[in-house]
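Below are the chains, spelled out letter by letter.
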Amino acid sequence: MKSKEEIRTWLLENCVDEDGSLDLMYLDFSDFEGNVYISYMKVKKSLFQDCQQVEEDLWQDDQEVKANLFQGYQKVEGNLYQSYQKVKGKTYE
């Protein structure tokens, strides 16, 4: 198994697009029976999490965002939990 540093190096060498962005879009893990973890990421610019299709739970906890957090057009068949938010700006719902 590759180390996290080896995976990071491979991704930066093989998945950076012509605009200089790391492009991990359209990865299909629908035939994988385990969970997928993308936690504890540190990103210098923007992190886009759009158009997820999740058969079970989607966890987005403990985010620290220095600019804006956009969450819209959610379609949830179970419950939506939002708690312990600290917002210095305005909250729009």
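Our subject is the structure that appears above.
Note that the structure is a prediction, hence the values are computed from the model and not measured.

Thresholds applied
- Residues numbered from 1 in each chain as written.
- Predicted model: local features only at pLDDT ≥ 70, side-chain atom pairs only at ≥ 80, totals over all residues.
- Heavy atoms only, no water.
- Helix = DSSP H or I, 4+ residues; strand = E, 2+ residues; numbered from the N terminus.
- Rg over C-alpha atoms; globule rule 2.2 N^0.38 Å.
- Buried < 20%, exposed > 50% of the residue type's maximum accessible area, 1.4 Å probe, protein only.
- Areas by Shrake-Rupley, 256 points an atom, 1.4 Å probe, with all protein chains shown as cover.
- Lys, Arg positive; Asp, Glu negative; His and termini not counted.
- Charge placed at Lys NZ, Arg CZ, Asp CG, Glu CD.
- Salt bridge = Lys/Arg side-chain N within 4 Å of Asp/Glu carboxyl O.
- Patch = residues over 30% accessible without salt bridge, like charges linked within 9 Å, V, L, I, M, F, W, Y side chains within 5 Å.

Right, let's talk about the overall build of the protein for a bit. Scanning the protein from N- to C-terminus turns up one helix and zero strands. Expected size for 93 residues packed as a compact globule is a radius of gyration near 12 Å; at 16 Å, the protein overshoots this value by more than 25%. In terms of principal-axis extent, the alpha carbons of the protein reach across some 40 × 30 × 25 Å. Relative to its full complement of 93 residues, the protein shows a buried share of 1%. Carbon and sulfur atoms form 49% of the exposed surface of the protein, whose accessible area is close to 11,200 Å². Computed over 11 positive and 19 negative side-chain charges, the inter-centroid distance for the protein is 13 Å.

By the definition in use, this model includes one salt bridge. In this structure, Glu5 engages Arg8 in a salt bridge whose closest nitrogen and oxygen atoms are separated by 3.9 Å. Separated by three residues within a single helix, Glu5 and Arg8 lie in helix H1 (residues 4-14), roughly one turn from each other.

Bringing the environment of Asn79 into the picture now. Looking at the element boundaries, Asn79 is found in the segment after H1. Sequence separation of Asn79 and Asp57 is 22 residues, and the distance between their C-alpha atoms is 9.9 Å.

There is a patch of nonpolar side chains on the surface, built from Leu12, Val16, Leu22, Leu24, Leu27, Phe29, Phe32, Val36, Ile38, Met41, Val43 and Leu47 and spanning about 1,100 Å² of accessible area. By the element assignment, Phe29 lies in the segment after H1. Given the relative accessible area of 45%, Phe29 is considered partly exposed.

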